Amino acid sequence: MKVLMFGWEFPPHISGGLGTASYGLTKGLSRIKDVDVTFVVPKAYGDEDQRSVKLLGAGDIQITKRKINLKNFSKAMDYLEVKSNIVPYVDPEDFWRLSKKEVSGSYKFIQVNSEGKISFSGKYGPDLLTEIANYSVVASIIAEESEFDLIHAHDWLAYPAGIAAKEVSGKPLVIHVHATDFDRSGGKVNPDVYAIEKKGMDIADLIITVSNLTRDTVINKYHINPAKVFTVYNAVEPLNEIEKAKYKKGTDEKIVTFLGRITFQKGPEYFILAASKILQKLDNVRFVMAGSGDMMNKMILMTARLGITNKFNFTGFLKGDDVYEMLRLSDVYIMPSVTEPFGISPLEALQSNVPVIISNQSGVAEILTHAIKTDFWDIDAIADSIYGILKYPALTKMFKNYGKKEVDELSWENSALKVKEVYEKALSLN
Amino acid sequence: MRTICLYFQVHQPFRLKKYRFFNIGNDHYYYDDYLNESVMKKIIEKCYSPANEILFDLIQKYNGKFKVAFSLSGVAIDQFELYAPEVLESFKKLAGSGSVEFLAETNAHSLVALKDKQAFCEQVKTHSQKIEKHFNQSPSVFRNTELIYSDEIGATVSEMGYKAMLTEGAKHVLGWKSPNYLYCNAIKPRLKVLLKNFKLSDDIAFRFSNKAWEEWPLTTEKFVGWLNNIDPKEEVVNLFMDYETFGEHQWHETGIFEFLKFLPETVFNNSNFTFSTPSDVAEKLQPVSAIHVPHPISWADEERDLTAWLGNDLQNEAFDKLYSLSGKISKCKDPAILEDWNWLQTSDHLYYMCTKFFSDGDVHEYFNPYESPYEAFINYMNVLSDFEVRLNTDMPETNTDKELAKLRILVAEKEGLLKKYISEVNKLKLNISKPKPPGTKKASSKATPGKTKTPGISKTGRKSTKVSRVKKK
């Protein structure tokens, strides 16, 4: 079974949950016999702008194709590198935030004929929607030139590419919903994004969602037939043997950590309010908010206003190993997300033996039993859970015994097998 | 003689309200009154009222030939007194019929038997007194919380003077033996042991309404047929179950009440079985052998062990923490604290912390007020923390006493210093006032709040008032 997969980011340039998830999944798929994945990502550097315009304008898109042998992959994968001006390696949501003001309302799909002639406005710049459209143009050409049985597109940025490939080839399309605009926007759904998402879901033969929470959104908010939506949970890469800790804990204080983008979606203010409650009762504790985001300044102000800055630290954005260093220093990990389609990071915390508190509004809550679950708005419950973990050692013991085991049993290979079932179903439909 | 021994368990815990850590030290009321009352009312309507009525009618109808036994936990009786005195009255009516035996158990429906022999005996005694007070019967047969039994517990029960005890006919204890005989305790053979026939009991209690069960629907004829298939030499079939089986675990619509209504009639018509109470059985039958139970068993889950209450770190910590307070409790006289102590020991609090249900049985979900065992644990530990604070205030133990004594000495010293300072201040005042008679007023009024030594004075003054407050208590 040959799968043509469209994504937005791919290692080593991972910026967010989407990249981690598509990487993990392809890795899982690569271990399954008779599934061959060709992964397409847009990739751009500043100096490619001119060539891209030429490429597309001429209808003569250069596609460099090379075989790569990634570490940990049991098979060589085809990795197509498309030269375009798309700026893929920023977080898609951040990118959207940066660029959404400049989106023009007159967006149309670009029609591609069999000769690859495209009528272009020639306009470029930080216009994400145009770039997505360009990606779909390239996708249709790839689809024409390659041989495959099925198309798999990750998240809305790649849906148009998937649709284009389907239109050209007539092969079944599976789309993978890692998030919807309802999650990203906090209720203020962008109609253009919604339209792209809705179109992708309508045209797709089958849909994979990362949790039942997201599945419900797809069914209820996008009015999709439930029979074509399947939940496949994400997993987590097994943790490599940890090298010696870089930092030692400088104090005997307990550390409670929030790790993630400081945006509306992640509910940082609920963490701060809970921290302030705890600090009224406990002294020997420190709170850390690791990450960056558009709400960071507001959050710093909030801690100042509550008078807890001496016990509350902001680390800024943490990269790579620093994330694990931070987890290693932590006694509690908390993710009070307002809405979280899945949420891989609590799994990483559990791998590092850190007890986790997650919101009921996260997809990962559906699969974790050895975690404390509260509603994101229930500050009393969040504070109480933190207090409980810090005060009653049996909880940490339980998480060490069972939580880690539970996470270790999740594997991308199992997720990949479920994805394969969806593939087979999609093929049998056609 | 071939006989059926029916025993029903009646128990409802005082479920705790949501108790946050910031309540610790401030809020000393722990129970969710609304939940407890509404659960109680619901069960009364669905089970206790109709079932009591049926039993009373049957007893009247068969005029002493139909007998049953009840065990009402002390906590359940407390709840009846609070929420439903009329139900307590209907149990009294049953007690008055002469065909209903009330068993002894632990007052708190607790697991104290596993921890503290003396406290266990006291709890059992309290419960027996409660039963005597309400039902005018002095229990002679004992059943422990969740039918927990071991040789040792049995021996203790025998020492207390009970003649028989009920427990589970657990497979791993019985081996090839049959539960349908009377046994005796391995250490104190005078204590008779009645073993639950879990197959026939669970056919009614768990499988009755299960349509996937090959024997569904279960009629009294079919059931008595199974009784008749039992080896004629076997003497007693012990059917032990939760009273809530009738109408609550098995809904009215399943026909469970009809089953109960017609069981005696079918037994009398189609078999030579009679009905007996546990004490009848213990009196009339001879034990066939001793039963060896070195490790405690219970009637719960597939394993018939204690893991539903003491199976994970959360439960063990809560259990240990709870009974670490028993030393102080034994000296405590405050009735409010003792009542809470009783209600906090109820085994259900530990049951809610069980993590086994992640893999098996929805039975654990039953009337469970918590969404997860972790929530149950944190809530319980918060309550226990507050309880400990109260207990320590009421019962200062040696360390605190010592500290208080130290403080008293300190206060005495400071008071000495105070006197010295005051006399010094007065001397100084005199010195100042003598050369400048007109300025006396101003100088003296300034001297008290402003001079360097005054903060020290006020500090010690504050301390002494604090201590005197403690003394008053």
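Thresholds applied
Residues numbered from 1 in each chain as written. Chains lettered and ligands numbered in written order. Predicted model: local features only at pLDDT ≥ 70, side-chain atom pairs only at ≥ 80, totals over all residues. Heavy atoms only, no water. Contact = heavy atoms within 4.5 Å. Buried area = accessible area lost by both parts, 1.4 Å probe. Salt bridge = Lys/Arg side-chain N within 4 Å of Asp/Glu carboxyl O. Polar contact = N/O pair within 3.5 Å; in protein donor to acceptor, adjacent residues only side chain to side chain. Helix = DSSP H or I, 4+ residues; strand = E, 2+ residues; numbered from the N terminus. Nonpolar A, V, L, I, M, F, W, Y, C, P; charged D, E, K, R; others polar. Phe/Tyr/Trp six-rings, centres within 6.5 Å; stacked < 30°, edge-to-face > 60°. Buried < 20%, exposed > 50% of the residue type's maximum accessible area, 1.4 Å probe, protein only. Pairing = 2+ DSSP bridges. Axes fitted to C-alpha atoms, helices over the stretch in contact; angles between N-to-C directions.

Caption draft 1: Structural view of the interface of chain A and chain B. The partner chain B presents 19 residues to the 24 residues of chain A that form the contact. Approximately 1900 Å² of surface area, both sides summed, lies buried where chain A meets chain B, with 64% of it carried by carbon and sulfur atoms. By the criterion of area lost to chain B, the three top residues of chain A are D384(A), Y392(A) and M398(A), representing 33% of everything that side buries. For the pair chain A and chain B, the interface holds 3 salt bridges. Taking the shortest distance from any N to any O, the salt bridge between K397(A) and D313(B) comes out at 4.0 Å. Seen at the junction of chain A and chain B, the total is 10 residue pairs in polar contact (both at pLDDT 80 or more). Of all the secondary-structure elements, those providing two or more residues to the side of chain A that touches chain B are helix 9 (268–279), helix 13 (379–391) and helix 14 (393–408) of chain A. Broken down by class, the residue content of the side of chain A that touches chain B amounts to 12 nonpolar, 6 polar and 6 charged.

Caption draft 2: Inspection of the packing of aromatic side chains at higher detail. Summed over the entire model, instances satisfying the criterion amount to 50 aromatic pairs over all chains. Between the aromatic rings of Y392(A) and F377(B), the centroid separation amounts to 5.9 Å while the plane-to-plane angle is 90°, which identifies the pairing as edge-to-face. You can see Y392(A) sitting in the loop between helix 13 and helix 14 and its partner F377(B) sitting in helix 16 (residues 373–394), one on each of two chains. A relative accessible area of 0% means that F377(B) is categorised as buried. Relative to Y31(B), the ring of Y30(B) lies with its centre 6.0 Å away and its plane at 65°, an arrangement referred to as edge-to-face. Assessed through its relative accessible area of 3%, Y31(B) is described here as buried.

Caption draft 3: Highlighting the sheet that holds strand 11 (residues 312–316) of chain A. Residues and elements named next belong to chain A. If you walk across this open sheet you meet the 6 strands as 11-10-9-12-13-14, and the pairing is parallel. Strands with a single pairing partner mark the edges of an open sheet, and in this sheet they are strand 11 and strand 14 (372–374). Each adjacent strand pair in this sheet contributes to an overall mean axis angle of 20°, direction not counted. Alignment of strand 10 (residues 285–290) against strand 11, held across 4 bridges, turns out to be parallel. Residue pairing for strand 11: A290 is matched across the bridge by G316. Together, strand 9 (254–259), strand 10, strand 12 (332–335), strand 13 (356–359) and strand 14 form the strand contacts of helix 13, whose direction differs from that of strand 14 by roughly 165°.

Caption draft 4: Expanded view of the sheet that holds strand 12 (residues 289–291) of chain B. Residue and element names in this part refer to chain B. Taken together, the 5 strands give an open sheet; going across it, the order is 4-5-7-6-12, and neighbouring strands pair in mixed fashion. The outermost strands of the open sheet, each flanked by one partner alone, are strand 4 (141–143) and strand 12. Taking the axes of each pair of neighbouring strands and ignoring which way they run, one obtains an average angle of 45° across the sheet. Of the pairings in the sheet, the one linking strand 4 to strand 5 (residues 164–168) comprises 3 bridges and is parallel in character. When the bridges of strand 5 are listed, R143 appears paired with L166.

Caption draft 5: Just unusual backbone geometry, in detail. Residue and element names in this part refer to chain B. Here the residue pair W216 and P217 is connected by a cis peptide bond, since its omega of 0° sits within 30 degrees of zero. Structurally, the position occupied by P217 is in the loop between helix 7 (198–205) and helix 8 (220–229). Phi at L147 is positive, roughly 55°, even though this residue is not glycine. With respect to the secondary-structure elements, L147 resides in the loop between strand 4 and helix 5 (151–159). Here L147 falls in the buried class, since its relative accessible area comes to 0%.

Caption draft 6: Representation of the side chain of S110(B) within the structure. All names here are of chain B. Relative to the helices and strands, S110 is located in the loop between strand 3 (100–102) and helix 4 (117–135). A distance of 3.3 Å separates a polar side-chain atom of S110 from the backbone nitrogen of V112. In contact with S110, not counting residues within four places along its chain, are Q123, T145, Y323, Q345 and S347.

Caption draft 7: Spatial organisation of the pattern of salt bridges. Per the stated rule, a full pass over the model turns up 40 salt bridges over all chains. When the shortest N-O distance is used, the salt bridge between R20(B) and D378(A) registers 3.8 Å. Here D378(A) lies in the loop between strand 14 and helix 13 and R20(B) lies in the loop between strand 1 (3–10) and helix 1 (33–62), a pairing that spans two chains. Each of the two residues, R20(B) as well as D378(A), counts as buried.

Caption draft 8: Layout of the environment of D231(B). The residue D231(B) is located in the loop between helix 8 and strand 8 (236–242) in this model. A relative accessible area of 36% means that D231(B) is categorised as partly exposed.

All we've got here are geometric facts, nothing functional implied.
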